[in-house]
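# Architecture at a glance
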Amino acid sequence: MTFSAQKCGICFQPPSIILIYRDNSRDKTRQRIMPVRNFSKFSDCSRAAEQLKNNPRHKAYLEGVSLRQLQKLYSLLRGHLEGQSLAESLEKFQQEETIDPEEDMNKLDDKELAKRKSIMDELFEKNRKKKDDPDFVYNVEVEFPLDEQLESCTWDMESDEEI
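Residues numbered from 1 in each chain as written. Predicted model: local features only at pLDDT ≥ 70, side-chain atom pairs only at ≥ 80, totals over all residues. Heavy atoms only, no water.

## Brief notes about the sheet that holds strand β3 (residues 28–35)
Our working definition: Any two strands with at least two DSSP-identified bridges between them are counted as paired. Counting from the N terminus, the helices are DSSP H or I runs at least four residues long and the strands are E runs at least two residues long. As a rule, the C-alpha atoms of each element are fitted with a line to give its axis, helices using only the stretch in contact, and angles between N-to-C directions run from 0 to 180 degrees.
With respect to topology, 3 strands assemble into an open sheet ordered β1-β2-β3, the strand pairing being antiparallel. Two strands in the sheet have a free side with no partner beyond their single neighbour: β1 (3–11) and β3. Each strand of the sheet is rotated relative to its neighbour by a mean of 20°, with strand direction disregarded. With 8 bridges joining them, β1 and strand β2 (residues 16–23) adopt antiparallel strand pairing.

What follows is the structure in structure tokens.
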């Protein structure tokens with residue numbers, strides 16, 4: 001049996017994840033409700049998403065759903081359990097998923113750094129041009145405009161004088 005996921009969402013009351021999928025063997029669209037048990041506002045969203053995705057009962061149905069999407073749904077559920085509105089939960093998740101270019105990554109712990117790196121990898125893969133893409137151009141050369149006068153570097157001048 002092959003299934004292809006079409007939509008995935010969350011229901012707050014009772015807490016459950018709803019998957020709308022296509023059963024390719026019978027050529028029918030179906031809905032699967034997966035109840036969320038033992039999840040509180042203190043639970044780890046990534047761990048709960050991994051457990052659901054690896055659950056033998058749901059594994060075949062969730063192959064087309066990314067782990068990141070399941071983490072987002074669990075994050076929304078946790079926000080609801082904390083008393084946040086849906087808009088507040090979405091804004092909080094968006095802030096966690098965006099990378100601030102001014103942030104010093106050297107000061108992050110290993111878990112946060114790994115999270116930021118996975119976000120950057122995902123963004124890179126999304127924007128990456130592959131050879132099969134219709135707008136792929138090999139060996140692109142770009143000249144950047146000079147808006148300001150270039151500053152000379154003092155360290156470069158000093159090294160010339162020493163030699």
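## Side note on the packing of aromatic side chains
The cut-off we apply is this: Pairs were defined over the aromatic rings of Phe, Tyr and Trp, the Trp ring being its six-membered one, requiring ring centres within 6.5 Å. Orientation was assigned from the angle between planes: stacked under 30 degrees, edge-to-face over 60, tilted for the rest. Using a 1.4 Å probe on the protein chains alone, a residue whose accessible area is under 20% of its type maximum counts as buried, one over 50% counts as exposed, and one in between counts as partly exposed.
In total, this model carries 4 aromatic pairs according to the counting rule given. Between tyrosine 21 and tyrosine 61, the ring centres sit 5.0 Å apart and the planes meet at 65°, which makes this aromatic pair edge-to-face. Of the two residues, tyrosine 21 sits in strand β2 while tyrosine 61 sits in the loop between α1 (45–54) and α2 (67–81), which places them 40 residues apart along the sequence. Each of the two residues, tyrosine 21 as well as tyrosine 61, counts as buried. Considering the side-chain rings of phenylalanine 39 and tyrosine 74, the 5.1 Å spacing of their centres and the 50° angle between planes classify their relative orientation as tilted. Residue phenylalanine 39 is found in the loop between β3 and α1, and its partner tyrosine 74 is found in helix α2; the two are separated by 35 residues along the sequence. Classification of phenylalanine 39 by relative accessible area gives buried; the value is 14%. According to the relative accessible area criterion, tyrosine 74 is buried, its value standing at 5%. Through a chain of ring-to-ring contacts, the aromatic side chains of Phe3, Tyr21 and Tyr61 assemble into a single cluster.

## What to know about the layout of surface pockets
Here is the rule: Of the grid points, spaced at 1 Å and generated over the protein atoms alone, those admitting a 1.4 Å probe that cannot get out make up cavities, while open sets with protein on both sides within 12 Å along at least five of seven lines make up pockets; any residue with an atom within 4 Å of a point is treated as lining. Grid points are joined across faces, edges and corners, and a volume is the space filled by probe spheres set on the points. Residues are sorted three ways: Asp, Glu, Lys and Arg are charged, Ala, Val, Leu, Ile, Met, Phe, Trp, Tyr, Cys and Pro are nonpolar, and all the rest, Gly among them, are polar.
Empty space within the largest pocket amounts to approximately 420 Å³. Lining the largest pocket are 15 residues, with Asp44, Ser46, Gln71, Lys111 and Lys115 positioned closest to its centre. For the lining of the largest pocket, the leading source of residues is helix α4 (residues 110–127), giving 5 residues. Residues that form the lining of the largest pocket fall into these classes: 3 nonpolar, 4 polar and 8 charged.

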